[in-house]
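# Fold and geometry: a report
Spelled out from the first residue to the last, the chains are:
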Amino acid sequence: MAVEVSLPYDKQYVTEYSNKHSEPEWMKELRLSALEKSETLPMAKPDKTNIEKWNFTDFNHDVEGEVIDSLDNLPSEIQDFLDQENQTENLLIQRNHTAAFTQLNKELEDKGVIFTDIHTALRDHADLVKEYYMTEGVAVDEHRLTALHAALMNSGVFVYVPKGVQIEQPLQVIFWQEDDRASLINHVLVVAEENSSVTYVENYISHNTEAQTSANIVTEVIAKDNAKVSFGAVDNFAHGTTVYSNRRGIAGRDARIEWALGQMNEGNTVSENITHLVGDNSEGDTKTVVVGRGDQKQNFTTNIRHFGKESDGYILQHGVMKDKSSAIFNGVGKIDHGATKSNAVQESRVLMLSKDARGDANPILLIDEDDVTAGHAASVGRVDPVQLYYMMSRGIPKKEAERLIIHGFLAPVVNQLPVEAVKNQLTQVIERKVY
Amino acid sequence: MAGSTLEIKDLHVEIEGQEILKGVNLTINGGEFHAVMGPNGTGKSTLASAIMGHPKYEVTQGEVLLDGENVLEMEVDERAQAGLFLAMQYPSEISGVTNSDFLRSAINSRREEGDEISLMKFIKEMDAKMDTLEIDKNMAQRYLNEGFSGGEKKRNEILQLMTIQPDIAILDEIDSGLDIDALKVVAKGINEMRDDAFGCLIITHYQRLLDYITPDKVHVMMQGRVVKSGGPELAKRLEEEGYDWIKEELGIEDETIGSK
């Protein structure tokens, strides 16, 4: 039975919301047309996971957050995500739907780098945002969730790196859903102009174990010719938040987009990560680590689509499933006709730790060109009792042995994550989740 | 008497419903090296695995006492913490866990909380023992047994033995697949362990390991039992004459498990 979605938010609400934030006219129109589409478009259909009954509409849409005067005043569970020894100067903390703390290195600002919340960006850099906002990356009308996102987008970040600017220090954003019922309908837009490079790291954090809400996230990364974007994320929504996350990359000629995604949400999650290798000799590299526990259901689709010649796509995903959790891993490498000498490689591995846990890895190669190379590997298995026996026979208790095996299983991905801070955060979060 | 005592009493073991061990009795005291010999398929490795607690083996009768405590009632890790060690014939490969992290966890599991071995001391000890065993230093940072050759795995088992320093060790066919040079190195490591407190049970079906490690006692297994025990001279005679004379003496036609 399909649940009829009647949104508590109508045209009038959306218009008022847009006015309140002094949005440009085109944005208001985009929202209103998306709202209309959301009523008729079909629901997203992730392969092998039925999400018809998941909560994507019951939440608080507009919740302010207190401004943060000093990082020292942050609660420890947020500070955990800051790098105590080597904290980047470039930091934005979004608390509920408010940009509560924003800081950017002065030199970068002088070079024209933009690192600001989406509402400010829509006011101060409207033309730039307009050019890339749901134009090249994610389309409004892909399905009901993208339309809902466009209609009700209430927070997010805009990053713009001008031509030739190389940013050494990462840009870090913490999206903190402090309110139990607040919904992050978050839009992250990263535009890297020709010959530029940037490392962007984000964390989603909430603590609503009981209260139900939903997050609807669209991320668009545009890497122009010869630009390099390294995108790291540790998602850490609590059990009460149902998550739809769509991360999309568009790579131009000689461009490179690296995704390092620690998908550590505790609630039901649909994650779609698609990279379009449009330019010749472009490269996409996605590494995903997942730990599922409790009764959560998750679906991860990683898709790299080759249009450009000699484009390289690498997908590596490792997931550990505990308790009664289940997850589907779809890996898709698609090489279009004309993308000669392209290379699509993927590997998905799932380890199940209990008899009630479920994991499924589906490698898919769709190739419409002869002169290419491609490869895939996939495995789904349980912890080998003989491995446990071997480790325990050296005096290592079972729990510790399992911990070592899990870390060992995830290490090949974690160790390759391009950003040290993400690696450390992820190791910590994994440590918390495996016990 | 120095060291620990391992007593195996009337041990019966099944695997998937088939009885493999049919009443094994053996006592190993600290300071003693015992060799258990016998043709293939007579239950030697089953004895080793059952004592350590391999999940596939089911003990149906008898007991195994370490200083009077029944180890069969302990979890596998507790058996190790009590002082038992098994060098395995087929060590598991564990991806993502480095040899050195594994070894340190193992050493610390036998120590009290707060009394963990310091990293410096650990590295120093491990390095010294790797030198003895002529192990390439980069093996410390490789994943546990992953992609190791047969010989490397065997050396790694002995490296673990030497760093963990158990009271009683069982070595299950530690010589199989080793060339003569590797065999000498492994034997050197094992001989270094010899002292008044350390007891060792060496399982092999070749005499040649015993050219380098002299056992105090030699036992022959057939049909899931110890059928003959003696001193080092027994091993010598087996080397020269094989097992047939024992079979003849005891009226055994088929020495393997399935036979009556």
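Treat the numbers as computed from the prediction; the structure is a model and nothing was measured.

Counting its regular elements, chain B contains eight helices and 10 strands. Taken over C-alpha atoms, the radius of gyration comes to 18 Å for chain B, in line with the 18 Å a tight globule of 260 residues would show. Considering only C-alpha atoms, chain B reaches an extent of 60 × 40 × 40 Å along its principal axes. Scored against the burial criterion, the 260 residues of chain B give a buried share of 56%. Contacts spanning at least 24 positions in sequence make up 71% of the contacts within chain B whose residues lie at least 6 apart. For chain B, the computed accessible surface area is about 11,100 Å², with 44% contributed by carbon and sulfur atoms. Each charge class in chain B can be summarised by its mean position, and for the 27 positive and 49 negative side chains these summaries are 3 Å apart.

Glancing now at the overall build of chain A. Counting secondary structure elements, chain A contains 10 helices and 19 strands. Here chain A has a C-alpha radius of gyration of 21 Å; the compact-globule value for 435 residues is 22 Å, and the two agree. The principal-axis extent of the C-alpha atoms belonging to chain A is close to 65 × 50 × 50 Å. Here chain A holds 435 residues, and the buried ones make up 61% of them. Sequence-distant contacts, at least 24 apart, represent 83% of the contacts inside chain A between residues at least 6 apart. Summed over all atoms, the accessible surface of chain A reaches about 16,400 Å², with 46% contributed by carbon and sulfur. Taken as two groups, the 42 positive and 66 negative side-chain charges of chain A have centres that lie 6 Å from each other.

So, about the UniProt feature "domain: ABC transporter" (unreviewed entry) in chain B. Here the UniProt feature "domain: ABC transporter" (unreviewed entry) sits at residues 6-248 of chain B. In residues 6-248 of chain B, the share of helix is 35% and the share of strand is 27%. The end C-alpha atoms are 31 Å apart.

Let us look at the UniProt feature "domain: SUF system FeS cluster assembly SufBD N-terminal" (unreviewed entry) in chain A. Under the present numbering, the feature "domain: SUF system FeS cluster assembly SufBD N-terminal" (unreviewed entry) in UniProt falls on residues 24-173 of chain A. As annotated, residues 24-173 of chain A comprises 32% helix and 17% strand, and the C-alpha atoms at either end are separated by 25 Å.

Our next topic: the nonpolar core. Nonpolar side chains in soluble globular proteins generally cluster together in the buried interior. Judged by nonpolar contacts, the single largest core of 112 residues is most densely connected at Leu410 and Ile430 of chain A together with Ile8, Leu47, Ile158 and Leu171 of chain B. Met43, Tyr132, Ala147 and Val270 of chain A belong to the second largest nonpolar core, which has 42 residues in total.

This part is about the pattern of salt bridges. Residues and elements named next belong to chain A. This structure, assessed with the given rule, holds 44 salt bridges over all chains. Here Arg95 and Glu178 are joined by a salt bridge, their closest N and O atoms 2.9 Å apart. Within this pair, whereas Arg95 is found in strand E1 (residues 91-95), its partner Glu178 is found in the loop between strand E5 (171-177) and strand E6 (186-192), the two being separated by 83 residues in sequence. On the accessibility criterion, Glu178 (34% relative accessible area) is partly exposed. Taken together, the salt bridges that share partners define one network made up of Arg256, Glu258, Glu283, Asp285 and Lys287.

Let's shift gears to the sheet that holds strand E8 (residues 199-203) of chain B. Residues and elements named next belong to chain B. Spatially, the six strands line up as an open sheet ordered E6-E7-E8-E3-E9-E10, and their pairing is mixed. Both edges of this open sheet fall to strand E6 (84-87) and strand E10 (225-230), since each of them pairs with a single strand only. Adjacent strand axes in the sheet meet at a mean angle of 20° when their direction is disregarded. Two strands pair when backbone bridges link them, and E6 and strand E7 (residues 168-172) are joined in this way by four bridges, in the parallel orientation. Bridged to Leu84 within E7 is Ile168. Where helix H1 (residues 44-52) meets the sheet, its contacts fall on strand E3 (33-37), E6, E7, E8 and strand E9 (217-222), and the angle it forms with E6 comes to roughly 140°.

All right, on to unusual backbone geometry then. Unusually for a residue other than glycine, Asn96 of chain A sits at a positive phi of about 50°. Along the chain, Asn96 of chain A falls in the loop between E1 and strand E2 (98-103). Look at Asn96 of chain A and you get buried, because its relative accessible area is 3%. With a phi close to 55°, Gln165 of chain B is a non-glycine residue in the positive phi region. Its place among the elements puts Gln165 of chain B in the loop between helix H5 (150-164) and E7. Judged by relative accessible area, Gln165 of chain B falls into the partly exposed class, the value being 42%.

Looking now at the interface of chain B and chain A. Chain B puts 32 residues into the contact, and the matching count from chain A is 20 residues. Carbon and sulfur atoms make up 66% of the surface buried where chain B meets chain A, a total of about 2,000 Å² over both sides. Considering only the side of chain B, the residues that lose the most area to chain A are Asp77, Ile94 and Phe102 of chain B, jointly responsible for 22% of the buried surface there. Seen at the junction of chain B and chain A, the total is one salt bridge. Among the ionic pairs, Glu157 of chain B bridges to Arg394 of chain A, the shortest N-O distance being 2.5 Å. Mapped by element, the contributors of at least two residues to the side of chain B that touches chain A are H1, helix H2 (76-81), E6, helix H3 (99-109) and H5 of chain B. Residue composition of the side of chain B that touches chain A, by class: 17 nonpolar, 11 polar and four charged.

Within a pair of aromatic rings, the relevant descriptors are the distance that separates the centres and the angle that separates the planes. Inspection of every chain in the model, using the stated rule, returns 13 aromatic pairs over all chains. Ring plane angle 50° and centroid distance 4.7 Å describe the contact between Tyr9 of chain A and Tyr13 of chain A, whose orientation is recorded as tilted. Pairing Phe158 of chain A with Tyr160 of chain A gives two aromatic rings, centres 6.4 Å apart and planes at 25°, and the pair type is stacked. Considered together, Phe158 of chain A and Tyr160 of chain A belong to a single accessibility category, that of buried residues. The ring centre of Tyr206 of chain B lies 5.7 Å from the NZ or CZ of Arg208 of chain B, which sits over that ring.

Below, the discussion takes up the side chain of Asp235 of chain A. Within the secondary structure, Asp235 of chain A sits in strand E9 (residues 228-236). Apart from the residues lying within four places of it in its own chain, the contact partners of Asp235 of chain A are Tyr204, Arg247, Gly262, Gln263, Met264 and Asn265 of chain A.

The rules behind the values
- Residues numbered from 1 in each chain as written.
- Chains lettered and ligands numbered in written order.
- Predicted model: local features only at pLDDT ≥ 70, side-chain atom pairs only at ≥ 80, totals over all residues.
- Heavy atoms only, no water.
- Helix = DSSP H or I, 4+ residues; strand = E, 2+ residues; numbered from the N terminus.
- Rg over C-alpha atoms; globule rule 2.2 N^0.38 Å.
- Buried < 20%, exposed > 50% of the residue type's maximum accessible area, 1.4 Å probe, protein only.
- Contact = heavy atoms within 4.5 Å.
- Areas by Shrake-Rupley, 256 points an atom, 1.4 Å probe, with all protein chains shown as cover.
- Lys, Arg positive; Asp, Glu negative; His and termini not counted.
- Charge placed at Lys NZ, Arg CZ, Asp CG, Glu CD.
- UniProt positions renumbered as here; feature names shortened; annotations may be inferred.
- Core = buried A, V, L, I, M, F, W, Y, C linked by side-chain atoms within 4.5 Å.
- Salt bridge = Lys/Arg side-chain N within 4 Å of Asp/Glu carboxyl O.
- Pairing = 2+ DSSP bridges.
- Axes fitted to C-alpha atoms, helices over the stretch in contact; angles between N-to-C directions.
- Buried area = accessible area lost by both parts, 1.4 Å probe.
- Nonpolar A, V, L, I, M, F, W, Y, C, P; charged D, E, K, R; others polar.
- Phe/Tyr/Trp six-rings, centres within 6.5 Å; stacked < 30°, edge-to-face > 60°.
- Lys NZ or Arg CZ within 6 Å of the ring centre and 35° of its normal.

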